[in-house]
Amino acid sequence: MYSLRRALTGDGEWWMDLRNRTDAIAVSGSQEALPREYAVDKFIDMVRKPGEFVFWIIEPDAGWIVMEYHDPWGTISIYLKPYARGQGAGAMAIKQMCKYAAGELGLEKIWANVREENISSSSVFTKCGFVLSSTNKSLWNFTWEPKE
Ligand SMILES: CC(C)(COP(=O)(O)OP(=O)(O)OC[C@H]1O[C@@H](n2cnc3c(N)ncnc32)[C@H](O)[C@@H]1OP(=O)(O)O)[C@@H](O)C(=O)NCCC(=O)NCCS
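For every chain, the first residue of its written sequence is number 1, and the numbers climb from 1 along that sequence. Residues qualify for local features only when their pLDDT is at least 70, as the model is predicted, and side-chain atom pairs are given and counted only at 80 or more; totals for whole chains, interfaces and linings, by contrast, use all residues.

A. Representation of the overall build of the protein within the structure. Per the convention used, a helix needs a DSSP run of H or I reaching at least four residues, while a strand needs a run of E reaching at least two, with both numbered from the N terminus. Helix and strand counts for the protein come out as five helices and seven strands. Ordered by position from N to C terminus, the α and β elements of the protein give β-α-α-α-β-β-β-α-β-α-β-β. Rg of the C-alpha trace for the protein: 14 Å, near the compact-globule value of 15 Å for 148 residues, within the 12% margin. Overall size of the protein, expressed as C-alpha extent along the three principal axes, is 40 × 35 × 30 Å. Partly exposed residues are those falling between the two cut-offs: more than 12 but fewer than 20 other C-beta atoms within 10 Å of their own, whereas 20 or more means buried and 12 or fewer means exposed, with C-beta atoms placed from the backbone. When each of the 148 residues of the protein is scored for burial, the buried share is 27%. For the purpose of contact definition, each residue receives a C-beta atom placed from its backbone, and two residues are in contact when these atoms lie within 7 Å. Long-range pairs, those at least 24 residues apart, make up 54% of the contacts in the protein with a sequence separation of at least 6. C-alpha atoms define the radius of gyration, and 2.2 Å times the number of residues to the power 0.38 defines the globule rule.

As structure tokens, then:
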């Protein structure tokens, strides 16, 4: 029922509205809203740099998943609108991204940085094969490696 498509530059305003929701700020690394101009520019930058970012929209209108990568490692971030949570869309998107990263991009390790209070995120990454590799204050670092 949920599917993935590549993000387009025209998704910038939509993404910024999601990125600056209170619940999205709460789970973000910076813990801050992004200024409008900066956010849209940052998004366009991400979408236009296929050698550094893989940015997918989770359809229909459910959220987004992005991986920033510098061979051989990548880092995943994901956000789903509240109505789309708890139905398997997160696990589906993360598994697809890992498969793409290992298969198409040849990456050897993927990171996910999760705030310690974010139980649903820790659970979904664990379900997708990530393991807790370190903690740094309130940030938990999970890693995934392709099976040989
Ligand atoms: C975290 C998030 C991506 C999870 O996606 P989701 O689609 O809701 O999760 P899924 O339905 O795929 O769940 C997969 C597994 O995760 C676990 N899980 C999901 N939500 C959970 C919750 N609220 N509490 C406990 N476990 C949970 C379950 O083990 C579930 O497996 P099951 O379906 O066999 O029970 C999504 O809830 C979200 O976008 N949250 C807000 C933003 C966020 O926290 N992003 C991550 C920042 S690091």
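B. Inspection of the sheet that holds strand 7 (residues 139-144) at higher detail. Each pair of strands is called paired provided DSSP finds at least two bridges between the two strands. As summarised here, the arrangement of the seven strands in space is 1-2-3-4-5-7-6, forming an open sheet in which the pairing is mixed. The open sheet has two edge strands, strand 1 (3-6) and strand 6 (131-136), and neither has a second partner. Direction aside, the axes of adjacent strands within the sheet are offset by 25° on average. Bridge count for strand 6 against strand 7 is five bridges, and the pairing is antiparallel. Following the sheet pairing, Ser 134 is matched in strand 7 by Asn 141. Only the contacting stretch of a helix is used when fitting its axis, a line to C-alpha atoms as for every element, and angles between N-to-C directions run 0 to 180 degrees.

C. Local environment of the packing of helix 1 (residues 12-19) against helix 3 (residues 36-48). Close contact between helix 1 and helix 3 brings their axes to 9 Å; oriented N to C, the two are set at 120°. In terms of orientation, helix 1 lies oblique with respect to helix 3. Between helix 1 and helix 3 lies a crossing of right-handed hand. Contacts between helix 1 and helix 3 pair Gly 12, Glu 13, Trp 15, Met 16 and Arg 19 from the former with Arg 36, Ala 39, Val 40, Phe 43 and Ile 44 from the latter. Residues are grouped as follows: nonpolar covers Ala, Val, Leu, Ile, Met, Phe, Trp, Tyr, Cys and Pro; charged covers Asp, Glu, Lys and Arg; every other residue, Gly included, is treated as polar. Partitioned by chemical class, the residues of the contact of helix 1 with helix 3 number six nonpolar, one polar and three charged. By the definition adopted for this analysis, an angle is roughly parallel if under 35 degrees, roughly antiparallel if over 145, roughly perpendicular if from 65 to 115, and oblique otherwise. Left-handed describes a crossing in which the near helix is turned anticlockwise from the far one by less than a right angle; the clockwise case is right-handed.

D. A look at the pairing of strand 7. What you see with strand 7 is a clean split: Trp 140, Phe 142 and Trp 144 sit on the buried side and Leu 139, Asn 141 and Thr 143 on the side with no burial. Sheet topology places strand 5 (residues 109-115) next to strand 7; six bridges connect them, and they run antiparallel. Within strand 7, the position partnered with Trp 111 by the bridge is Thr 143. In this antiparallel pair of consecutive strands, strand 6 and strand 7, the connection spans two residues, and Lys 137 shows a positive phi of 55°.

E. Just the site of the ligand, in detail. Taken together, 20 residues surround the ligand, and among them Leu 80, Arg 85, Gly 90, Ala 91 and Ser 123 come closest. Mapped by element, the contributors of at least two residues to the shell around the ligand are strand 4 (73-80), helix 4 (89-103) and helix 5 (119-127). Sorting elements by how many residues they give to the shell around the ligand places helix 5 first, with six residues. All residues are tested the same way: a C-beta atom is placed from the backbone, and lying within 6 Å of a molecule or strand makes the residue near it.

F. The environment of Val 54, seen in detail. One can find Val 54 in strand 2 (residues 53-59). Look at Val 54 and you get buried, because 23 C-beta atoms sit within 10 Å. When the C-alpha positions of Val 54 and Ala 101 are compared, they lie 8.9 Å apart, and in sequence the two are 47 residues distant. Look past the residues within four positions of Val 54 in its chain and what remains in contact with it is Val 66, Met 67, Met 97 and Tyr 100.

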